[in-house]
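# Commentary on secondary and tertiary structure
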Amino acid sequence: MIHPILLCGGSGTRLWPLSRKSYPKQFAKLMGEESLFQASARRLSGAGFAAPMILTGDPFRFIVTEQLAAIEQAPQAILIEPEGRNTAPAVLAAALALEAKDPEALMLVAPSDHVIPDAAGFRATIEAAAPAAADGRLVTFGITPDRPETGYGYLELAGGADPAADSPQPLARFVEKPDAERAAEMLAAGNFLWNAGIFLFAAKTIVAAYEAHAPELLAGVRAALESAQTDLGFTRLAPEPWTALPDISIDYAIMEKADNLAVMPYGAGWSDLGGWDAVWLESGPDDAGNVTSEHATAIDCRDTLLRSETPELELVGIGLEDIMAVAMNDAVLVAHKSEAQRVKEAVSALKERGAKQATSFPVDHRPWGWFESLVIGNRFQVKRIHVHPGAALSLQSHYHRSEHWIVVEGTARVTVDDEVKLVTENESVYLPLGCVHRMENPGKVPMVLIEVQTGSYVGEDDIVRYEDIYARS
């Protein structure tokens, strides 16, 4: 049995504006009707695979459970990192948790934001690597390169190794991301593979590797795990020992030092979607080289990516070449495809200006559903609020605003001080300043309402919570 360990705590910026700190790319529907996280969980499931163990951050814990439930999967465990400390501490936390149950258990560590089209072929490759992992090897997966890519690290095979083998091969060394000239040389040499950042090993083997090569991590991670708190099915790693850990990748901490490494070649297609140029490539350009979304139109364009992420916004390109344009209702990116890796510079520039679009997604996801701001003025705000069936917002009050709720879909059960009543479609309710209130969806279908806030301050931090089924403070 192989135990998938899905890492999904990152907040990449190279796919801005769709990927932002509050809602990063692994949860977005970049390639089809499922998110990258959902596709990863589905790919690593079925015969021979245990339920996944997830490592993520606190802001994403309910997104994880919601997206897993949507594909009818239940996690083995969800470990909540107090803050991101890179992959070395995260993998060790998963290994220690798994070792406590079964030291021989094989764990497949995988990022949750990769694209691997041939799921069955990849599972077969994992199964082919399992005997080496069970025999005490640290197996890393190497991708057959098809171009001189400068955005990936590389794996150099040892002499005599076969880069097209269907079994793990000896590994000489890890190679940092190269410049274009060196990438072309490695591609021509034929004995280099891309480093996918995917690993397979037994729990006891990787723990022993930490004992040998990164003992400074063991005490802190063990303390964070031993003092972890259980919260609504989540395992919250203890903050004090965790935040004292170094920020270091498993490549630097373990893989570049270990002598029991092997690499499993894989050549059936892979991408980490490290930029919009990769999305363009993986989306399958048409005969003119164009990729367009449902609400985008290309006229006399070549080799362009045109995506509108908002049904109400039609994006049209005319006479463009090698351009990528991504439009949302609060931000638009336009750049040459050759500049795809510079998108993070735009995010940094927006942060310096204090623009909320740098980090905040226009739709704010909460454990009960989501909301979006439609209009914001000096003393008012209008929101659309979507509440999942059976979900409830916290019992709360506000110091600075009153609210009007107009139900437009479904039925709401509304508490206003001591009164509880049902509010159905086309009905409204007024919540005066300072009243203690709550909205719930008692039905079997989503409930949607329009909220009109008025007052001297309409920020999200003007909330006093009295009760919350999601254990938020």
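Numbering of residues starts from 1 in every chain and runs along the sequence as written. For a predicted model such as this one, the threshold for reporting local features is a pLDDT of at least 70, and the threshold for listing and counting side-chain atom pairs is 80 or more; totals across whole chains, interfaces and linings nevertheless cover every residue. As a convention, hydrogens and water are excluded, and side-chain values are obtained from all of the structure's heavy atoms.

This part takes up a nonpolar patch on the surface. Within the patch definition used here, like charges are joined within 9 Å and nonpolar side chains (Val, Leu, Ile, Met, Phe, Trp, Tyr) within 5 Å, considering only residues with over 30% relative accessible area and no salt bridge. With residues, only the protein chains shown are counted as cover, and all accessible areas are computed by Shrake-Rupley using a 1.4 Å probe. A pair is scored as a salt bridge if a Lys or Arg side-chain nitrogen falls within 4 Å of a carboxyl oxygen belonging to Asp or Glu. A surface patch of nonpolar side chains, amounting to about 280 Å² of accessible area, comprises I299, V316 and I318. In DSSP terms, a helix is any run of H or I states spanning at least four residues, a strand is any run of E spanning at least two, and both are numbered starting from the N terminus. Its location among the elements puts V316 in strand 15 (residues 315-318). We call a residue buried when its accessible area falls under 20% of the maximum for its residue type, exposed when it is over 50%, and partly exposed in between, using a 1.4 Å probe and counting protein chains only. Taking relative accessible area as the criterion, V316 reaches 48% and is therefore assigned partly exposed.

Quick look at empty space enclosed by the protein now. Cavities and pockets were defined on a 1 Å grid built from protein atoms only: a cavity is a group of points that admits a 1.4 Å probe but offers it no way out, a pocket is an open group of points flanked by protein on both sides within 12 Å along at least five of seven lines, and a lining residue is one with an atom within 4 Å of any such point. Grid points are joined across faces, edges and corners, and a volume is the space filled by probe spheres set on the points. Within this structure, the stated rule accounts for two cavities of 30 Å³ or more. By volume, the largest cavity is sized at about 190 Å³. What lines the largest cavity is a set of 21 residues, among which W368, L393, Q396, E451 and I463 lie closest to the centre. Taken together, the residues of the lining of the largest cavity break down into seven nonpolar, five polar and nine charged. By volume, the second largest cavity amounts to about 30 Å³. Every residue along the wall of the second largest cavity is listed here: S40, R43, L44, A110, P111, H114, I116, F122 and I198. Taken together, the elements giving at least two residues each to the lining of the second largest cavity come down to helix 1 (36-43) and strand 4 (106-111). Classification used: nonpolar for Ala, Val, Leu, Ile, Met, Phe, Trp, Tyr, Cys and Pro, charged for Asp, Glu, Lys and Arg, polar for all others including Gly. Along the lines of polarity and charge, the residues of the lining of the second largest cavity split into six nonpolar, two polar and one charged.

Note on aromatic pairs: the rings of Phe, Tyr and Trp (six-membered ring only in Trp) are paired at centre separations within 6.5 Å, and the planes decide the class, stacked below 30 degrees, edge-to-face beyond 60, tilted for the rest. For the structure shown, the criterion picks out 12 aromatic pairs. Ring plane angle 90° and centroid distance 5.4 Å describe the contact between F62 and F234, whose orientation is recorded as edge-to-face. Here the residue F62 occupies a position in helix 2 (residues 61-70), and F234 occupies one in strand 10 (residues 234-236), the gap between them amounting to 172 residues. For F62, a relative accessible area of 14% gives the class buried.

Here the focus is the UniProt feature "domain: Nucleotidyl transferase" (unreviewed entry) in the protein. UniProt marks residues 4-280 with the feature "domain: Nucleotidyl transferase" (unreviewed entry), using the numbering shown here. Secondary structure content for residues 4-280 is 35% helix and 22% strand, and the end C-alpha separation is 28 Å. UniProt positions are given in the numbering used here, feature names are shortened, and annotations may be inferred rather than shown by experiment.

All right, on to the pairing of strand 8 (residues 192-202) then. Most of strand 8 sits inside the fold, with 10 of its 11 residues counted as buried. Strands were regarded as paired on the criterion that DSSP finds at least two bridges between them. Bridge count for strand 4 against strand 8 is four bridges, and the pairing is antiparallel. Each residue of the ladder has a partner; that of L106, found in strand 8, is A202. Alignment of strand 5 (residues 138-143) against strand 8, held across four bridges, turns out to be antiparallel. The partner of I143 across the bridge, within strand 8, is W194. Bridge analysis of strand 6 (residues 154-157) against strand 8 gives three bridges, and the strand direction is antiparallel. Across the sheet, residue L155 finds its bridge partner in strand 8, namely L193.

This part is about the sheet that holds strand 12 (residues 291-292). The strands making up a sheet associate through backbone hydrogen bonding, with each pair oriented either parallel or antiparallel. The mixed open sheet is built from four strands, whose spatial order is 12-14-16-17. Looking at the sheet topology across the chains shown, the edges are occupied by strand 12 and strand 17 (332-336). Inspection of the sheet shows strand 16 (residues 323-327) paired to strand 17 by five bridges, in the antiparallel sense. Among the inter-strand pairings, A327 is bridged to a residue of strand 17, identified as V332.

This next bit is on the nonpolar core. Take the buried residues of types Ala, Val, Leu, Ile, Met, Phe, Trp, Tyr and Cys, join any two whose side-chain atoms come within 4.5 Å, and each joined set is a nonpolar core. One finds L30, I126, V139, F141, I198, L200 and W276 to be the most contacted residues of the largest nonpolar core, which totals 93 residues. For L30, the contacting residues outside a window of four places in its chain are L15, L18, K25, L36, L273, W276, V279 and R307. Within the second largest apolar cluster, 48 residues are counted, among which are L79, L157, A161 and A224. Any two residues whose heavy atoms approach within 4.5 Å are treated as being in contact.

Time to look at helix 3 (residues 87-99). Take the residue count of a helix, subtract one, and multiply by 1.5 Å to get its expected span. Between its terminal C-alpha atoms helix 3 stretches 18 Å, which fits the 18 Å expected from 13 residues at 1.5 Å a residue. When you tally the buried positions in helix 3, you get 11 out of 13 residues, the bulk of the element. Buried residues of helix 3: A88, P89, A90, V91, L92, A93, A94, A95, L96, A97 and L98, and no others.

Attention shifts here to the packing of helix 1 against helix 2. Between the N-to-C directions of two axes lies an angle of 0 to 180 degrees, each axis being a line fitted to C-alpha atoms and, for a helix, fitted only over the stretch in contact. Helix 2 packs onto helix 1 with a crossing angle of 55° between their chain directions and a minimal axis gap of 10 Å. Of the possible angle classes, the one that applies to helix 1 and helix 2 is oblique. Taken as a pair, helix 1 and helix 2 cross one another with a handedness that is right-handed. Of the residues in helix 2, those touching helix 1 at F37, Q38 and A41 are V64, Q67, L68 and A70. Note that the term roughly parallel is reserved for angles under 35 degrees, roughly antiparallel for angles over 145, roughly perpendicular for angles of 65 to 115, and oblique for everything else. Take the far helix as your reference; a near helix turned counterclockwise from it by less than a right angle gives a left-handed crossing, and one turned clockwise gives a right-handed crossing.

This next bit is on unusual backbone geometry. With an omega of 10°, the peptide bond between W16 and P17 qualifies as cis. By the secondary structure assignment, P17 is in the loop between strand 1 (2-7) and helix 1. The phi angle at D300 is positive, at roughly 55°, despite the residue not being glycine. Tracing the sequence through the fold places D300 in the loop between strand 13 (296-299) and strand 14 (305-308). Even without glycine at this site, D303 takes up a positive phi of about 55°. Within the secondary structure layout, D303 lies in the loop between strand 13 and strand 14.

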